[in-house]
Structures are given as structure tokens and as C-alpha cells.
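# An overview of the molecular structure
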Amino acid sequence: MLYLKQERINNIMLRIAKELSLKNLKKNKFRTTLMIILISFLSISLFLGMVIITSLRNGINNYKDRLGADVIVVPYEATTKSTVDDILLQGISGNYYVSSAYYNKVKKIDGVEKISAQFYLTSAKAACCSSRVQIIGFDPETDFSIQPWIEKSYSKTIGDDDIVVGSNINVTESMKIKFYGDDYNVVAQLAKTGTGLDSAVYCNINTIKKMAETSNALEYNEELADIDIENSVSAIFIKVKDGYDATDVAAKINSSVKGIKAQSSTAMVSNVSSGLDGISTIIGVLLAVIWVLVSIILVVTFVLMTYERKKEFAILRSIGASRSMLAKIISLESVMLSGVSSLIGIFITALALIPISFNLNTLFNLPFVFPDIPIIILYAFITLIATVLICFLTSLKSSYDISKNDAAILIREDA
């Protein structure tokens, strides 16, 4: 009987605790609003931080898969304006050409097993795009870098006047894009890589040479005016023989053939990975600092809130509320406040991810690929739990202080 009576009292007190918690939050609107902003910022920082770090790691993995070659060779002129990895990451920043004779020279270097040339052309504004796009031409007979990537979306041969577009290119229902007055058939759209190559267009060597001749005739590209289009290349991709080191082969090319620059894909990936590690570290440190500072502020805030309500808690103790019940009131407020604030922060972050996803590549100059929806949902759940937990823990100091004092002491201190 006594157990049932006590249980009933506890249920009544718990209901009173919920009502008091809600009324207290509503009554102190200014303080509640500041707490919501603070805790929302906490959840935004965690949620966005996890998404960005994962996007970086996804991007670097895609970047490794995309290169497909052990050594990349470009005209030396290209490296005077940007690094080899920047050229590839950003979808080739400009048009650079050397004679096809370099292709034959590189082919003779000891350690070269497979070799394939690519030709690059920056288009005039096309119907698909709000700005100029990079067109990349490859030789289907020798290519081992682009075609394996294309085959994931399109298994047929890329014919003349056929093009494959990156994930960021807008394609109309007609599945055609006009370049230099001519229509070209869009046969496939590639999966996202998180690099500038998502805004590029791919075609076979015959198609891009046709585009280049038309562009030259229309005087769209000054770089083409003084070159022999038919006997020029923009980059050479190399697969080294088993037992040979890509870095050593690149060094041989650089020492033997002047006018070009060779770099191993391992070194390029290492450069990008170093940038990734640096950014990830910065993000991690910022998250830690934010969480420590916010946690300290929350502890102080909950202590002040408890101090202001001593008389209220004293009255509750005098009418039968247990010490643990007072602690529950404070904890309940922190959970309700943090739960709502965290959901607000998650919602704001989710909305912000849409425009952010299109600008991260440019912002950080590194490959970004956003995680899949299930992963983002998981991160949102982790953010909610972590935010509520940290707020609950910061309220424990106040809960302990108020629960260890008797009603008389609370009233006397408030007098």
C-alpha cells in the first residue's frame, strides 16, 4: 500500500516537474532563446563537421580511382601556371599543347608499359552550361584511364560525335549539346567524383579534333592558332611495367625529355591527402574548442538558473518532492531544451548542405563527395544524441547542488 502511494506521489510530482519545466522555459523567453541558439550552434558544428570530413575522405578515394595511371605527363608550360594535381582536380585549367613527337619519346622510356594521350579544349559557352566547360578527348584504342570510369555508366564504344558528360553538366531531354554550332549526342552522364572533372565533357580523339578545327576556324581559342591540331597532345597517361617504380619512371622522363613535366600519381594523391589531413585536423580542433567552450557556458547557465529558482525548489520540497525529483526537473529541462535545439540545428544544417555541396570543391580546392543519405541520417542521429547527452551532463552539477540541500536551507538562502 505504501509503495503504491509513493508511486502515485512520484507520478504526480513527475507531471508537475514537466509542467514546471515547460513554464520555466516559456517564462524566461530571452534566456531560453539564447540557450536554443547556443545549443543549435553546437549541433550544427558537429553535424556539419562530420559531413565535411566524410566528404573529404570520399573525394580522395574517388580521386585515387579516377586517375587510373601511374604517371601523368603534361607540357611544362602548364606547370608554370598550376601544379599537375591542380590541373587534373580542377578539370584542366586552360589549354596546353605539345607536339605528338613527345608521345613517341616518352613511349621509349624504360619502364613504360602502356601509354595514352589526351587532348584538351576549353569550349565557348555551351547550351548545357552557364560558363565555359572543359572538353577532354581520349584515344579509345589506347586509353586505360577514362574508359574504365565511363564503362560504369556506359558500356558501349564512344563513337564519333558522341560525348559523355560529368555529373554537374545539365542535359536536356533531347540528349544533345551544341558546341561551336554543331550538335553532339550525349550518350551517358558520369557518376560524381567531387573534382572539377564533374563539369567536364568527354569524347573520342576524332570528335575533339573536329571541335578544335571548328573552334580554330571561328577564332574562339587563341591557343590553337599556332599549333598543328592533328599532331598535338595535351597530356600523356602512363601505366608502368611490373617491378618498376612510378616515381623513378617519372624522374627518367623528366631527365630525358625536355619541355614536359612528369609526376607519379602516388605523389599527386599524397599531396592531396596531406591537404585533406590538414583540413581534417583543423576541423577536429575547432569542433573540440567549440564543444569545450559551449559546455563551460552551459554549466554556468544551468548553475545560474538553479540559483534563481531556489525558492521554487524549496516549496516543492516542503510539499513532498524528493531531492531526486528536483534533480529530475533540472535534467528534464536540459533534455527538452537540448532536444529541440539540436533538431533545429540539424534542420538548418540539412538545408545548408544543398548549396554547400556545390561550392565545397571551389572553396577548399579539394575533391568532395557528399555521403549517401543513410549516412547523413546516421550523422543527424549521432548529433541529436551527443547534443542531448552533453547538455544533460552539464546540468548534473546543478542537479547535485539542489538535491543535497534541505528545504529549510533553500528558503533561508533565498531570504
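Within each chain, residues carry numbers counting from 1 in the order of the written sequence. For this predicted model, a pLDDT threshold of at least 70 governs which residues receive local features, and a threshold of 80 or more governs which side-chain atom pairs are given and counted, while totals over whole chains, interfaces and linings are taken from all residues. Note that water and hydrogens are dropped before the side-chain values are worked out from all heavy atoms of the structure.

### Topic: the overall build of the protein
From N to C terminus, the protein includes 13 helices and eleven strands. To sort residues, take the accessible area from a 1.4 Å probe on protein chains only and compare it with the maximum for the residue type: under 20% means buried, over 50% means exposed, and anything in between is partly exposed. Within the protein, buried positions represent 48% of all 415 residues. The contact definition used throughout considers only heavy atoms, calling two residues in contact when any of these lie within 4.5 Å. Sequence-distant contacts, at least 24 apart, represent 79% of the contacts inside the protein between residues at least 6 apart. To be clear on the numbers: accessible area is Shrake-Rupley with a 1.4 Å probe, and residue cover counts the displayed protein chains and nothing else. Only carbon and sulfur atoms are counted for the fraction: they give 60% of the accessible area of the protein, which is about 20,700 Å². We count a stretch as a helix when DSSP gives it H or I for four or more residues in a row; a strand needs E for two or more, and each element gets its number in order from the N terminus.

### A word on the confidence of the model for the protein
The predicted structure's coordinates, where accompanied by low pLDDT, should not be read in detail. Of all residues in the protein, 72% have pLDDT values of 70 or greater, and the mean over the chain is 77. pLDDT runs from 0 to 100 and stands for how confident the predictor is about each residue. pLDDT under 50 marks residues 407-411. Its contacts with residues more than four places away, or in other chains, come to ten contacts.

### Digging into the packing of aromatic side chains
Paired rings are identified among Phe, Tyr and Trp, the last through its six-membered ring, by centres lying within 6.5 Å, and are further divided according to the angle between planes into stacked (under 30 degrees), edge-to-face (over 60) and tilted (the rest). The full count for this structure, using the stated rule, is two aromatic pairs. Measuring from ring centre to ring centre gives 4.9 Å for tyrosine 97 and phenylalanine 119, while their planes differ by 35 degrees; the resulting arrangement is tilted. Of this pair, tyrosine 97 sits in the loop between α4 (84-89) and β2 (98-99) while phenylalanine 119 sits in strand β3 (residues 112-122), and the two are 22 residues apart along the sequence. Judged by relative accessible area, which is 11%, tyrosine 97 ranks as buried.

### Overview of the side chain of threonine 387
Relative to the helices and strands, threonine 387 is located in helix α12 (residues 373-403). The exposure class assigned to threonine 387 is buried, which follows from its relative accessible area of 0%. Setting aside chain neighbours within four positions, we find threonine 387 in contact with Ile39, Leu42, Ser43, Trp291, Ser338 and Ser342.

### Quick word on the nonpolar core
We call a set of buried residues a nonpolar core when its members are Ala, Val, Leu, Ile, Met, Phe, Trp, Tyr or Cys and they connect through side-chain atoms within 4.5 Å of each other. Leu42, Phe47, Val51, Trp291, Val294 and Leu298 are the most contacted members of the largest nonpolar core, which has 23 residues in total. Counting only elements with at least two residues in this core, the list comes to α2 (29-67), α9 (265-308), α11 (323-364) and α12. By residue number, the principal contributor to this core is α2, which donates eight residues. In contact with leucine 298, not counting residues within four places along its chain, are Met35, Leu38, Ile39, Cys391 and Thr394. Ranked by size, the runner-up nonpolar core spans 22 residues in total, among them Tyr120, Ile136, Phe144 and Phe237.

### Points about the sheet that holds strand β11 (residues 260-264)
What makes two strands pair is DSSP finding at least two bridges between them. Reading across from one edge, β6-β7-β5-β8-β4-β3-β10-β1-β11 is the order of the nine strands in this open sheet, with mixed pairing throughout. The sheet terminates laterally at β6 (176-179) and β11, the two strands that pair on one side only. Sheet twist, expressed as the average angle between the axes of neighbouring strands with direction ignored, equals 30 degrees. Two strands pair when backbone bridges link them, and β6 and strand β7 (residues 182-189) are joined in this way by four bridges, in the antiparallel orientation. Counted as the bridge partner of isoleucine 177 is tyrosine 184 from β7. Under this scheme, a helix contributes an axis fitted over its contacting stretch, all axes are lines through C-alpha atoms, and angles between N-to-C directions fall in the 0 to 180 degree range. Sheet strands in contact with helix α7 (residues 205-217) are β3, β4 (134-138), β5 (162-165), β6, β7 and β8 (200-204), and its direction is about 35 degrees off that of β3. Sheet strands in contact with helix α8 (residues 246-256) are β1 (71-75), β3, β10 (235-240) and β11, and its direction is about 170 degrees off that of β11.

### Side note on the pattern of salt bridges
Whenever Lys or Arg places a side-chain nitrogen within 4 Å of a carboxyl oxygen from Asp or Glu, that contact is recorded as a salt bridge. This structure, assessed with the given rule, holds three salt bridges. A salt bridge links lysine 252 to aspartate 110; the nearest nitrogen and oxygen atoms lie 3.6 Å apart. Of this pair, lysine 252 sits in helix α8 while aspartate 110 sits in the loop between α5 (101-107) and β3, and the two are 142 residues apart along the sequence. Note on lysine 252: relative accessible area 31%, which makes it partly exposed. Note on aspartate 110: relative accessible area 40%, which makes it partly exposed.

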